[in-house]
Amino acid sequence: MRWTFRKTQMSFPRPTVVMGILNVTPDSFSDGGIYLDPSRAVERGLTLVGEGADILDIGGESTRPGAAYVPPEEEIRRTVPVIRELARQCAVPLSIDTRKAEVAQAAIDAGASIVNDIAANRTPDALWDLVARSGVGYVAMHMQGTPENMQEDPQYMDVVSEVAEFFRDRLARLTDAGVDPEQVVLDPGIGFGKTVEHNLSLLRHLERFCVLERPLLLGVSRKSFIGKVLGADVGSRLYGGLACTLWAVRLGAQLVRTHDVAETVQALRMHEALAP
Ligand code: HH2
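Rules used in this analysis
- Residues numbered from 1 in each chain as written.
- Predicted model: local features only at pLDDT ≥ 70, side-chain atom pairs only at ≥ 80, totals over all residues.
- Heavy atoms only, no water.
- Near = heavy atom within 4 Å.
- Polar contact = N/O pair within 3.5 Å; in protein donor to acceptor, adjacent residues only side chain to side chain.
- Areas by Shrake-Rupley, 256 points an atom, 1.4 Å probe, with all protein chains shown as cover.
- 1 Å grid on protein atoms, 1.4 Å probe; cavity = no way out; pocket = protein on both sides within 12 Å on 5 of 7 lines; lining within 4 Å.
- Sits in = over half its atoms within 2 Å of the grid points.
- Helix = DSSP H or I, 4+ residues; strand = E, 2+ residues; numbered from the N terminus.
- Nonpolar A, V, L, I, M, F, W, Y, C, P; charged D, E, K, R; others polar.
- Buried < 20%, exposed > 50% of the residue type's maximum accessible area, 1.4 Å probe, protein only.
- Phe/Tyr/Trp six-rings, centres within 6.5 Å; stacked < 30°, edge-to-face > 60°.
- Disulfide = S-S within 2.5 Å.
- Points joined across faces, edges and corners; volume = space filled by probe spheres on them.
- Pairing = 2+ DSSP bridges.
- Axes fitted to C-alpha atoms, helices over the stretch in contact; angles between N-to-C directions.

Some points on the site of the ligand
Then step 1. Around the ligand, a shell composed of 18 residues is seen, among which Ser28, Ser62, Asp187, Lys223 and His259 lie nearest.
Then step 2. Separating a nitrogen atom of the ligand from a side-chain N or O atom of Asp187 is a distance of 2.6 Å.
Then step 3. Within the backbone of Gly219, one N or O atom sits 3.4 Å away from an oxygen atom of the ligand.
Then step 4. Protein contacts shield 99% of the accessible area of the ligand, which totals 480 Å² for the unbound molecule.
Then step 5. Spatially, the ligand is embedded in the largest pocket.
Then step 6. If you list the elements that add at least two residues to the shell around the ligand, you get strand E7 (137–141) and strand E9 (217–219).
Then step 7. Among the residues forming the shell around the ligand, the class breakdown is 6 nonpolar, 7 polar and 5 charged.

Some thoughts on the side chain of Thr16
Then step 1. Looking at where Thr16 falls in the secondary structure, it is placed in the loop between strand E2 (8–11) and strand E3 (17–23).
Then step 2. According to the relative accessible area criterion, Thr16 is buried, its value standing at 4%.

Thoughts on the packing of aromatic side chains
Then step 1. This model, assessed by the stated rule, comprises 3 aromatic pairs.
Then step 2. On the numbers, 4.7 Å between centres and 55 degrees between planes, the contact of Trp3 with Phe5 is tilted.
Then step 3. Connected via pairs of aromatic rings, a cluster forms that spans Phe166, Phe167 and Phe209.

Notes on the state of the cysteines
Among covalent bonds in proteins, the disulfide is the one between the sulfur atoms of two cysteines.
Then step 1. Taken as a whole and assessed by the stated rule, the structure comprises 0 disulfides.
Then step 2. Cysteine Cys210 remains unbridged, with the sulfur of Cys244 as its closest cysteine sulfur at 17 Å.

Describing empty space enclosed by the protein
Then step 1. This model, assessed by the stated rule, comprises 1 cavity of 30 Å³ or more.
Then step 2. Approximately 80 Å³ is the volume found for the largest cavity.
Then step 3. Along the wall of the largest cavity there are 13 residues; nearest its centre are Ser221, Gly241, Leu242, Thr258 and Thr264.
Then step 4. Among the residues forming the lining of the largest cavity, the class breakdown is 4 nonpolar, 5 polar and 4 charged.

A look at the sheet that holds strand E10 (residues 255–258)
Then step 1. Strand order in the open sheet formed by 8 strands is E8-E7-E6-E5-E4-E3-E10-E9, and the pairing between neighbours is parallel. Edge positions in the open sheet fall to strand E8 (184–187) and E9, since each of these has one partner strand only. Strand-to-strand twist across the sheet, computed as the mean angle between neighbouring axes with direction ignored, equals 25 degrees.
Then step 2. By the bridge criterion, 4 bridges tie strand E4 (residues 55–59) to strand E5 (residues 94–97) in an arrangement that is parallel. Within E5, the position partnered with Ile58 by the bridge is Ile96.

Listed below in structure tokens is the structure:
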């Protein structure tokens, strides 16, 4: 299995790919406001690469439950200077965490080569045309509802089957839109329109998504389901998150998205030494 975009080709199996999170926002749930200044954001990005991040995921809109919509001009203003500078200074692929085609276009022009789309749940889609035309990588994440309303009352008959069906449907529609399946990575969207039990079920049955022949990305870092299981606040969820990460890798996740790159890389490399 391969993930191919622009000048990058990742072949799986390989050591788990670590996507480091860089939120250039005033209000992200765990690091909001810390990296709003572009030079601090660039410095943080370079630190994450030094710690072993294989990809940097740069976001200019918080998508935490209840977060307000950010207009594309503002998202561009926050992220593009950071992407431009990181593209100059580091060699790892840069990802733009956005649901908007205008933002994705500006980010690609500035040097991003992956679009991480937390709202891969709509048609028709200008973003998909852009992904098809530009050949960038694409993360198709599952979300029920929108960040504004997703945690109000998430409902599924069978969350694992419904997410699997979503992936099948999106892969078919993306192909129809001219996107090569090799550009696409799938993500069940932990915490996006899901209760604690929904999140745990997705993690328990992650292997059900492996039949789709696309790499799986998982983002559990510091999320509230860990806090609810452990009674831990947002700054104290690292070890719970690492447990989820290793569990997920064992069940087939090939990419993980994290704020805590050094710690995650250490856990993954030890796990790989034990289970080559
Ligand atoms: N989670 C968040 C944001 N983007 N993208 C993918 N593919 N998968 C995820 O699980 C995911 C994501 C939420 O985390 P964070 O960016 O730290 O918070 P915020 O949305 O508040 O900026």
